[in-house]
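Below are the chains, spelled out letter by letter.
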Amino acid sequence: MSRTFAGNMNADSVVHHKLLHPARAQFIRFVPLQWNQRGKIGMRVEVYGCSYKSDIADFDGRSSLLYRFNQKLMSTLKDVISLKFKSMQADGVLFHGEGQRGDHITLELQKGRLSLYLNLDDSKARINSSPPSATLGSLLDDQHWHSVLVERAGKQVNFTVDKLTQHFRSQGEADALDIDYELSFGGIPVPGKPGTFLKKNFHGCIENLYYNGVNIIDLAKRRKHQIYTVGNVTFSCSEPQIVPITFLNSRSSYLLMPGTPHIDGLSVSFQFRTWSQEGLLLFTELSEGSGTLLLVLEGGALRLVIPKLAGHAAEILTGSNLSDGLWHSVSIRARRNRITLTLDNDAASPTQDTITVLIYSGNSYYFGGCPNNHSDSRCLNPTKAFQGCMRLIFIDNQPKDLISVQQGSLGNFSDLHIDLCSIKDRCLTNYCEHGGSCSQSWNTFYCNCSDTGYTGATCHNSLYKKSCEMYRHQGSTAGFFLIDVDGSGPLGPLQVYCNITADKIWTSVQHNKMELTHVRGADPENPYITVLDYGGSTEQLAAMIDGSEHCEQEVAYYCRRSRLLNTPDGTPFTWWIGRSNEKHSYWGGSLPGVQQCECGLDESCLDIQYFCNCDADKDEWTNDTGFLSFKDHLPVTQLVITDTNRSNSEAAWRIGPLRCYGDRHFWNAVSFYTEASYLHFPTFHAEFSADISLFFKTTASSGLFLENLGVKGFLRLELSSPSEITFVIDAGKGPLELIVQSPSLLNDNQWHYIRAERNLKEASLQVDSLPRRVRENSEEGHFRWQLSSQLFVGGTASRQKGFLGCIRSLHLNGQKLDLEERAKVTSGVRPGCPGHCSSYSSTCHNGGKCVEKHSGYFCDCTNSPYEGPFCKKEVSAVFKAGTSVTYMFQELYRVTKNTNLSSSAIYMDAVPSKEDIAFSFMTAQAPSLLLYINSSSQDFLAVLLCKNGSLQVRYQLSKEESHVFTIDVDNFANRRIHRLKITREGRKLTIQVDQQLQLNYNFSPDVEFRAFRSLTLGRVTENLGLDSEVAKANTFGFVGCLSSVQYNHIAPLKAALRHATVQPVVVQGTLTESSCGSMIYSDVNTVTTVHSSSDSSGKTDEQEPLTNAVRSDSAVIGGVIAVVTCIIFSIIGIMARFLYQHKQSHHTNQIKEKSYPDHLDSSFRNDIDLQHSVSECKREYFI
């Protein structure tokens, strides 16, 4: 805290200032702001404190106090230990106690941090091997007083260091702490070996040491028999005369100390601590022309360099991770022709390097940096100045008095704090969120967000979307995704399966027991209990469920003489546990609290006396299957079965994945239609990080999105101009403003996205995909917004600068605000916002139509040859030899059973004014007939591949008018996917192949186009009097893959595969749906795709009763089935043989005009037919 006080105006008067509240501090600093202009400079200050009792013990690092119990064993259920300490040493044991059964408690200073080890009745846990139960504090070796409090009640422990508290549960099975004989303070002495300690002793002072109300130091001072003193313990705190200094500025800080020149040899030593990895520690110009000596901190290591005037430089590199904030000792000694660099000589394994160099001591020694005025010194600094602390500086084996430096009688300095090490641990409180690791330099901290699932300056922002709906919104299709339901909130990401379809976006979470599980031998005394693990916490699943419109989970119970719910009024034999750990005795398809199954509600059970099929207790297999859909009870976390231990009693169960659809928040929108209207919510409470995200659309030139005011701060987000978004925050240090200007207007009635964030390191503003605007925060400012008013959305209480338009999907720190619910009770605001397609129609591709919904939109792919949520999924199929798909243009048809869609009407105009034909194909066969469209007057349009692989488009417009266009830029029968697009508008014809324009042609004015009657893909089976060239290509039609076939607004291939029963389409031969892309490296003549009706979890058909999977007598029945199966296959084989012979006879009659030598097999004959039956195509138009 900081306060400004007025002083006296003369030499005699006294001015008193009393604080309203007591203040506890480690030190007090007085900074004079102004002197009396008519008097002399001077200041006298007195500080009055409260009465304070102090009992102090001074430990010299080889001593300890032993508190011995009156009995052999001290067993306690509760403990309270409190003390204060100060030390210059980073390591040492403050107290320790242990028992023979493995109980122990130890408080130890380790690398400037306090570690508490506590174990209750666990013989495996040892202090030397187990990690600490808790670690608190940092830089505690700063020679300042630090308070410690340990409170234990059973296993629950509160550990407090300097007002920072950590709560934890101790290890072990018991609640009591059993300590044998004694507690030791200051060290752990070895029994029977005086002066020997197990670990490094504490070196420093301890004050007011209390153990369960006993003043240990007071007992020691009065020489009570309970206290035994080891070594030299005194009862006053010695104050070592050590003066630290702090280098503050990385550009201008330095300390100049004089030396004794021309001495044969050199001796410099000091200690330093820092967080910075780079900086100059020492520079001196050596005498006798022996060069310069440079000691720098480089990448956290020490580098000593002596550049020679002649010859190469001498160099020593030692140490690592010296920027850890701990004190490190450095000693440079040279005598005659030997120099030694010693680092941390008190360490267990010191690093030491020596080289041979002739050195003479210098005249001046620069520590930490060089003066900015290079004309006054020859100091050279290849890096930045050192930022950190130094102490115990010795030159030529003589200590340097830094107080004399401060008084100006010794050396010189710039930007130093003398008699103070002002190092600060900025990671002591880890502000890196979501498990991010904290590192720091002298001025700031950094967060490493690797492997956390989050990003940003403080690991605040999730890498993942909040729902499957948001993945769909960015264009993703079905697959496994990680969703972060609360965004930047405390809940982590959860793996789900997003089944993104055209009408619904299903979110599915699988558990660890998806398979069908068989149960026997369970009864009420020995129940079968299974626990389901969904790979996430209950809170994650609950948040996902609560944010969905509908959730369900299928449960199936297969039974034989195994009762389920024991209806109509018995105690249930099977029940399940939901997310609130409550027992539920209703089954899938029933209602909460109604002890029935689905068949009981619709009165369709096998025995109408019971409300479940399994409750009839039949000696045959049956099942009860249905969906649980009451969201507050989902998901199923446990299943208990108790009736499979009777004769011939057995059961099997399966619980499906948790499935949800509908994002209740992403499309949660409101419309503001008066400037005076607004919504209000509770105060936005932001701790160290805050983020705001929303979508908006408007036609207004300005307006306020949201505002929250406070006593000392505020936040405001607004549209300040038609192309400008402004985010203003004030955390008590004055307003910080960020502005993003858009190159295009933002009041265009299209949806736009805003995300604003403020954390300890920076504030940022993002609008759509524009560059993010960032401004750094001052870490010395206030951490928390002190907001107090309500949060206003769309306006303010003053009813000024109101917003006109729509806002949706408003999130604050990952929490969703239900705008629609609040709008229902607010005048001037309507729930919902129409017009989503005005912004998102571009997401519907390939002729798909954007259709509005109350919550969002969907893409209607009725008139598109594609399908899927964005009409981007190709509809393709494999054609075999002889396969034919014929679409008839006769009358008005519907392409779907949904007759409410006006866009589904498909018909053929009497005389088409234009033709748009497009499809993709892949084949290895030439010649081939790909497409044939004919009219009732023998006019036709044909697309075929010639024998040499060239592509040919043939127009027959009358008996005399024939146009043939041949494209031979490639061999199109090359097992690659090719895209053909034919466009005729009026008399202008355009042909594109693989998105390259190949032809522009204008038909003559006297050409007459007639209405077409039918369209055929593959082989033409009707007797249409085909042109001779087309007839030759039609011998086997088309063998390969066709994809995304479109003629104007008709998709004939999609109609054949999806709506064959409601559209005028006829399929002959084998048509197998498959992806052309997956067949690129396959033999397109032999590809066969096998389809499965199982879902992503590998389920079998659950509508049929359980059969062999759970039968105990499967061996007998299996044998019977095997015999029956063998007989059936034998009959099928005989029939297949007969049909094959009949087919061969029919085929021979069709081609009897051809004859082949008897030794040629049928496959060879087919190849010969393809090579000789089709002549070279005509080339009236050659491209």
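What you are looking at is a predicted structure, and each value in this text was computed from that prediction instead of being measured.

We now examine the overall build of the chain. A tally of helices and strands in the chain yields eleven helices and 82 strands. When the 1183 residues of the chain are sorted by exposure, 49% land in the buried category. In the chain, once contacts between residues fewer than 6 apart in sequence are set aside, the share between residues at least 24 apart is 66%. Here the chain has roughly 57800 Å² of accessible surface; of this, 49% comes from carbon and sulfur atoms.

It is worth spelling out the packing of aromatic side chains at this point. Using the criterion set out here, one finds 36 aromatic pairs in the structure. With a centroid separation of 6.1 Å and an interplanar angle of 45 degrees, the aromatic rings of Tyr 431 and Phe 445 are classed as tilted. Of this pair, Tyr 431 sits in the loop between strand S31 (416-418) and strand S32 (437-440) while Phe 445 sits in strand S33 (residues 445-448), and the two are 14 residues apart along the sequence. Residues Tyr 431 and Phe 445 agree in their burial class; the two are buried.

Tallied over the entire structure, the rule returns 16 disulfides. The disulfide partner of Cys 597 is Cys 612, and the gap between their sulfur atoms is 2.0 Å. In this structure the cystine formed by Cys 597 and Cys 612 twists about its S-S bond by roughly 90 degrees; its chirality is therefore right-handed. You can see Cys 597 sitting in the loop between strand S43 (583-584) and helix H5 (598-601) and its partner Cys 612 sitting in the loop between H5 and strand S44 (622-628), a full 15 residues away along the chain. By the burial criterion, Cys 597 is buried, and Cys 612 matches it. Two residues share a disulfide in this structure: Cys 599 and Cys 605, whose sulfurs sit 2.0 Å from each other. On the sign convention where negative means left-handed, the S-S torsion of about 85 degrees between Cys 599 and Cys 605 marks this disulfide as right-handed. Look at Cys 599 and you get buried, because its relative accessible area is 8%.

Further remarks concern the pattern of salt bridges. For the structure shown, the criterion picks out 31 salt bridges. Of the charged contacts in the structure, one is a salt bridge between Lys 914 and Asp 916, with a shortest N-O distance of 3.6 Å. Taking the shortest distance from any N to any O, the salt bridge between Glu 1073 and Arg 1058 comes out at 2.6 Å. Highlighted residues: Glu 1073 in strand S81 (residues 1071-1073) and Arg 1058 in helix H9 (residues 1052-1058), separated in sequence by 15 residues.

Turning to helix H4 (residues 538-546), a few remarks are in order. Residues Gln 540, Leu 541, Ala 542, Met 544 and Ile 545 constitute the buried set of H4. Each element contacted by the buried residues of H4 is listed here: strand S36 (479-483), strand S37 (494-500), strand S38 (505-509), strand S41 (548-560) and strand S47 (658-663).

Along strand S5 (residues 104-110), six of the seven residues are buried, which leaves the element largely enclosed by surrounding structure. Of the strand pairs in this sheet, strand S4 (residues 92-98) and S5 are connected by six bridges, and their pairing is antiparallel. Counted as the bridge partner of Val 93 is Glu 108 from S5. Connecting S4 to the next strand, S5, in antiparallel fashion are five residues, including Gly 102 with a positive phi near 105 degrees.

This brings us to a nonpolar patch on the surface. A contiguous nonpolar surface patch, about 730 Å² in accessible area, is contributed by Ile 28, Phe 30, Trp 35, Ile 41, Met 43, Val 45 and Val 47. Residue placement: Met 43 occurs in the segment before strand S1 (56-60). Residue Met 43 is classed as exposed on the basis of its relative accessible area, which comes to 52%.

So, on to empty space enclosed by the protein. Taken as a whole and assessed by the stated rule, the structure comprises six cavities of 30 Å³ or more. Taken together, 21 residues line the largest cavity, and the ones lying closest to its centre are Lys 466, Ser 467, Gly 547, Ser 548 and Asp 663. Of all the secondary structure elements, the ones that give two or more residues to the lining of the largest cavity are helix H3 (468-473), S38, H4 and S47. Top element by residues in the lining of the largest cavity is S47. It accounts for four residues.

What follows deals with unusual backbone geometry. Look at the link from Thr 567 to Pro 568: it is a cis peptide, with omega at 10 degrees. Cis rather than trans, the peptide bond between Leu 634 and Pro 635 has omega equal to 0 degrees. Structurally, Pro 635 is set in the loop between S44 and strand S45 (638-641). One non-glycine residue, Asp 162, lies in the positive phi region at around 50 degrees. With respect to the element layout, Asp 162 can be found in the loop between strand S9 (156-161) and strand S10 (164-169).

With respect to the helices and strands, Asp 55 occurs in the segment before S1. A relative accessible area of 4% places Asp 55 in the buried class. Side-chain polar atoms of Asp 55 contact the side chain of Asn 215, separated by 2.9 Å. What Asp 55 contacts, discounting residues up to four positions off in sequence, is Ile 206, Glu 207, Asn 208, Asn 215, Ile 217, Asp 218 and Lys 221.

Structurally, Asn 215 is set in strand S14 (residues 214-215). On the basis of relative accessible area, Asn 215 is assigned to the buried category, the value being 10%. The spatial distance from the C-alpha of Asn 215 to the C-alpha of Leu 83 is 9.9 Å, given a sequence separation of 132 residues. Residues in contact with Asn 215, not counting those within four places in the same chain, are Lys 53, Asp 55, Leu 209 and Tyr 210.

Two orientations exist for strands paired in a sheet by backbone hydrogen bonds: parallel and antiparallel. Strand order in this open sheet of seven strands is S77-S76-S75-S70-S79-S66-S81, and the pairing throughout is antiparallel. One side of each edge strand has no neighbouring strand; the edge strands of this open sheet are strand S77 (996-1002) and S81. On average, each strand axis in the sheet is tilted by 20 degrees relative to the strand beside it, whichever way the strands run.

The predicted model of the chain averages 83 in pLDDT, with 84% of residues at 70 or higher. Within the model, pLDDT remains below 50 along residues 1083-1118, and this stretch shows 62 contacts once partners closer than five positions in the same chain are excluded. Of the regions scoring below 50 in pLDDT, residues 1138-1179 engages in 35 contacts with residues more than four places distant in sequence or in other chains.

With antiparallel pairing, the four strands of this open sheet are ordered in space as S40-S45-S42-S43. Both edges of this open sheet fall to strand S40 (528-531) and S43, since each of them pairs with a single strand only. Relative to S43, strand S42 (residues 574-577) is paired through two bridges, and the arrangement is antiparallel. Residue pairing for S43: Trp 576 is matched across the bridge by His 584.

Turning our attention to the environment of Asp 994. By the secondary structure assignment, Asp 994 is in the loop between strand S76 (988-993) and S77. For Asp 994, the side chain forms a polar contact with the side chain of His 978, separated by 2.9 Å.

Once that is clear, we can look at the environment of Ser 287. One can find Ser 287 in the loop between strand S20 (279-286) and strand S21 (292-298). Judged by relative accessible area, Ser 287 falls into the buried class, the value being 8%.

Mapped onto the elements of the fold, Gln 596 is located in the loop between S43 and H5. One polar contact links the side chain of Gln 596 to the main-chain amide nitrogen of Leu 601, over a distance of 3.5 Å.

Conventions we followed
- Residues numbered from 1 in each chain as written.
- Predicted model: local features only at pLDDT ≥ 70, side-chain atom pairs only at ≥ 80, totals over all residues.
- Heavy atoms only, no water.
- Helix = DSSP H or I, 4+ residues; strand = E, 2+ residues; numbered from the N terminus.
- Buried < 20%, exposed > 50% of the residue type's maximum accessible area, 1.4 Å probe, protein only.
- Contact = heavy atoms within 4.5 Å.
- Areas by Shrake-Rupley, 256 points an atom, 1.4 Å probe, with all protein chains shown as cover.
- Phe/Tyr/Trp six-rings, centres within 6.5 Å; stacked < 30°, edge-to-face > 60°.
- Disulfide = S-S within 2.5 Å.
- Salt bridge = Lys/Arg side-chain N within 4 Å of Asp/Glu carboxyl O.
- Pairing = 2+ DSSP bridges.
- Patch = residues over 30% accessible without salt bridge, like charges linked within 9 Å, V, L, I, M, F, W, Y side chains within 5 Å.
- 1 Å grid on protein atoms, 1.4 Å probe; cavity = no way out; pocket = protein on both sides within 12 Å on 5 of 7 lines; lining within 4 Å.
- Points joined across faces, edges and corners; volume = space filled by probe spheres on them.
- Polar contact = N/O pair within 3.5 Å; in protein donor to acceptor, adjacent residues only side chain to side chain.
- Axes fitted to C-alpha atoms, helices over the stretch in contact; angles between N-to-C directions.
- pLDDT = per-residue confidence, 0-100.

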